[in-house]
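Residues per chain, in single letters:
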Amino acid sequence: MTTATELTSGNAAAVVLAAGHSKRLRSEQPKVLHGVGGRPLVSWVVQAAREVGCAPICVVVGSGADQVRSVLDSAGAGDIVWVEQPEQRGTGHALSMARGVLRSEGLALVLSGDAPLVRPGTLSALLEAAAAGWGSLAVADLPEPGSLGRVAREGDRLVRIVEAADADEDTLALRTVNAGHYALPVPEIFEWLEKVDASNARGEFYLTEAVSAAAREHPVAAVRLEDASEALGVNSRADLAAVQRVFYRRAVDGLLAAGVTVLDPETVWIDAGVTVGVDSVLHPNVTLLGASSVGSGCTVHSGAWIRDSVLDDGVEVLPYSVLDGARVASDCTIGPFARLRPEAVLEDGAKVGNFVEVKKATLGPGVKASHLAYLGDASVGAGANIGAGVITCNYDGKKKSRTVIGEGAFVGSDCILVAPVEIGAGAYTGAGSVITKDVPEETLAVGRARQKNIKRRPR
């Protein structure tokens, strides 16, 4: 774990307030570890701070501290200083816990770990505005401010911040809210925090009270957010859903600008790490998650769910197919209702049809598995045809074994291939066969009981 690091004079640090749970979320998991856009809330805030060059990045944690540490430390950046807030006594108290870390003079970004929509450009604007005065905070104008603190200002200068729980009717009528992002001078902010008491509706030490007090003597800039969604924080499941929608819409807007057709932007969900090539088409109700990559000229039809998969150019995914950890080469067709499980590999021009499942198997160029098949732990050579109802029996109750199907082989409908077994190049298996022994090249194998017709008894 990184130890407390002294700020070099003139550098900006970041303090991310990430302590505690939210009762309204009704969750055993720390609030800041709930996911949005494929990552925990707090990781987005830390990433934004990194992108503007903050050092160190101090994360203040409370209950669930070990869980938060585990998630952020697993990224391996090593630039996080951890500070514990044993009791959750408000944002001012949380920031004061970081005093021993931020000893030198300079600016510190103070950010909410549950407000993941903040952009690096906003943080740069806050630092620039603070450098021209005493400090700065981000504000937004919302038609329905709800429980967010209200901000009174004169032009671009802060007058005061009032928490909604302590506001009178006139103050609640204000539509300018505190977005919860600040750039504040160190060590001066700690001196103002010493003057704050907890005589308010929540019995907490508010950072907003210290900033408001400072604004009576110093110029504190109110930096208006062009995108008001950056003020959204997460305190309930409804908040989480609202933030998630913004993330997905941002991702879709990025694809539209990059030359991707999205037929219904409101129903397409795309994680931030996903890439899609030009001239690809995404139909309604498509979900692209994790580290997925879709090439150029692809078409992904309605209901497709794709996670951590790579699709090369010209792939068509038909409706309601599931791809999870798959690798699909150019010009393949998948579905409808197909499932590619981890380590499924389709080479150029392969076709997997309706209700076909592929797991830890490689289908060579031009392979066709058009209907109702299961191909697990298998290798299928170029141009082979897999009939309807084919199953590779890869598990004997103790271990998994592989099936090898050679180039140009034809596996008849309803065949069961009991692994380990090899079907030679150009070989055929008769429909309904149970194949337990290797089949040589260019050979027809039939493994089924001889048909016997028995006359029915008279009624």
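Here we summarise the structure given alongside this text. (Residues numbered from 1 in each chain as written. Predicted model: local features only at pLDDT ≥ 70, side-chain atom pairs only at ≥ 80, totals over all residues. Heavy atoms only, no water.)

Attention now goes to the overall build of the protein chain. When its secondary structure is counted, the protein chain shows eight helices and 41 strands. On C-alpha atoms alone, the protein chain measures out to a radius of gyration of 30 Å, which is more than a quarter above the 23 Å that the 2.2 N^0.38 rule sets for 459 residues. Expressed as lengths along the three principal axes of its C-alpha atoms, the size of the protein chain is roughly 100 × 55 × 40 Å. Within the protein chain, the proportion of its 459 residues that are buried is 49%. In the protein chain, the proportion of contacts linking residues at least 24 apart, taken out of those at least 6 apart, comes to 41%. Carbon and sulfur atoms make up 49% of the accessible area of the protein chain, which totals about 21,100 Å². The averaged location of the 54 negative side-chain charges in the protein chain is 13 Å from the averaged location of its 44 positive side-chain charges. (Helix = DSSP H or I, 4+ residues; strand = E, 2+ residues; numbered from the N terminus. Rg over C-alpha atoms; globule rule 2.2 N^0.38 Å. Buried < 20%, exposed > 50% of the residue type's maximum accessible area, 1.4 Å probe, protein only. Contact = heavy atoms within 4.5 Å. Areas by Shrake-Rupley, 256 points an atom, 1.4 Å probe, with all protein chains shown as cover. Lys, Arg positive; Asp, Glu negative; His and termini not counted. Charge placed at Lys NZ, Arg CZ, Asp CG, Glu CD.)

Right, let's get into the sheet that holds strand 14 (residues 275-276). Across the sheet, nine strands lie side by side as 14-17-20-23-26-29-32-35-38; this open sheet has parallel pairing. Only two strands of the sheet have a single neighbouring strand rather than two, namely strand 14 and strand 38 (421-423). Relative to strand 26 (residues 345-346), strand 23 (residues 327-328) runs parallel, the two sharing two bridges. The partner of Arg327 across the bridge, within strand 26, is Val345. (Pairing = 2+ DSSP bridges.)

Looking now at the packing of aromatic side chains. As enumerated under the stated definition, the model contains five aromatic pairs in all. On the numbers, 4.8 Å between centres and 20 degrees between planes, the contact of Tyr248 with Trp269 is stacked. Of the two residues, Tyr248 sits in helix 8 (residues 237-257) while Trp269 sits in strand 13 (residues 269-270), which places them 21 residues apart along the sequence. With a relative accessible area of 41%, Trp269 lands in the partly exposed category. Between the aromatic rings of Tyr320 and Phe337, the centroid separation amounts to 5.5 Å while the plane-to-plane angle is 20 degrees, which identifies the pairing as stacked. With Tyr320 in the loop between strand 21 (316-317) and strand 22 (322-324) and Phe337 in the loop between strand 24 (333-334) and strand 25 (339-340), this pair connects stretches of sequence that are 17 residues apart. (Phe/Tyr/Trp six-rings, centres within 6.5 Å; stacked < 30°, edge-to-face > 60°.)

A few words now on unusual backbone geometry. Cis rather than trans, the peptide bond between Val186 and Pro187 has omega equal to 10 degrees. Positionally, Pro187 belongs in the loop between strand 10 (176-186) and helix 6 (188-193). The step from Gly335 to Pro336 runs through a cis peptide bond, and the omega angle for that step is 5 degrees. Within the secondary structure layout, Pro336 lies in the loop between strand 24 and strand 25. At Asp331, a residue that is not glycine, the phi angle is positive and equals roughly 65 degrees. Relative to the assigned elements, Asp331 resides in the loop between strand 23 and strand 24. Located in the positive-phi region is Phe337, a residue other than glycine, with phi close to 60 degrees.

Right, let's get into the sheet that holds strand 41 (residues 444-445). Pairing in this open sheet of 11 strands is parallel, and the strands run 12-15-18-21-24-27-30-33-36-39-41 from one edge to the other. Of all strands in the sheet, those with a lone pairing partner are strand 12 (261-262) and strand 41, marking the two edges. In the sheet, strand 21 pairs with strand 24 via two bridges, with the strands oriented parallel. Bridging across to strand 24, Glu316 finds its partner in Thr333.

Here the focus is a negative patch on the surface. Residues Asp313, Asp331, Glu347 and Asp348 make up a contiguous surface patch of negative charge. Checked against the element boundaries, Glu347 lands in the loop between strand 26 and strand 27 (351-354). (Patch = residues over 30% accessible without salt bridge, like charges linked within 9 Å, V, L, I, M, F, W, Y side chains within 5 Å. Salt bridge = Lys/Arg side-chain N within 4 Å of Asp/Glu carboxyl O.)

For helix 7 (residues 207-215), the buried fraction is high: eight of the nine residues fall into the buried class. Burial in helix 7 covers these residues: Leu207, Thr208, Ala210, Val211, Ser212, Ala213, Ala214 and Ala215. Buried residues along helix 7 sit in contact with helix 3 (91-96), strand 6 (106-112), strand 9 (157-162), strand 10, helix 6 and strand 11 (220-224).

Attention now goes to the environment of Gly62. Within the element layout of this structure, Gly62 appears in the loop between strand 4 (57-61) and helix 2 (65-73). Considering only alpha carbons, one finds Gly62 and Gln88, 26 residues apart in sequence, at a separation of 7.0 Å.

Let us look at helix 1 (residues 41-51). Counting buried residues in helix 1 gives eight out of 11 residues, a clear majority hidden from the surface. Note on helix 1: the residue one or two positions beyond its end, Gly53, has a positive phi of about 80 degrees.

Throughout the structure, instances matching the rule amount to zero disulfides. Cys415 supplies the cysteine sulfur nearest to Cys393, a cysteine that is in no disulfide, at a spacing of 11 Å. The class for Cys393 is partly exposed, based on a relative accessible area of 27%. (Disulfide = S-S within 2.5 Å.)

A word on the side chain of Ser229. Position of Ser229 relative to the elements: it lies in the loop between strand 11 and helix 8. Among the polar contacts listed, one links the side chain of Ser229 to the side chain of Asp227, at a separation of 2.7 Å. (Polar contact = N/O pair within 3.5 Å; in protein donor to acceptor, adjacent residues only side chain to side chain.)

Here we come to the pairing of strand 9. Here strand 8 (residues 150-154) pairs with strand 9 via five bridges, running antiparallel. For Arg150, the partnering residue across the bridge sits in strand 9 and is Val162. In this structure, the hairpin formed by strand 8 and strand 9 is closed by a connection of two residues, where Gly155 is found at a positive phi of approximately 65 degrees.

Structurally, Asp324 is set in strand 22. Classification of Asp324 by relative accessible area gives buried; the value is 18%. A polar contact is formed between the side chain of Asp324 and the side chain of Arg307, at a distance of 2.7 Å. If sequence neighbours within four positions are ignored, Asp324 has contacts with Trp305, Arg307, Ser309, Leu340, Arg341 and Pro342.

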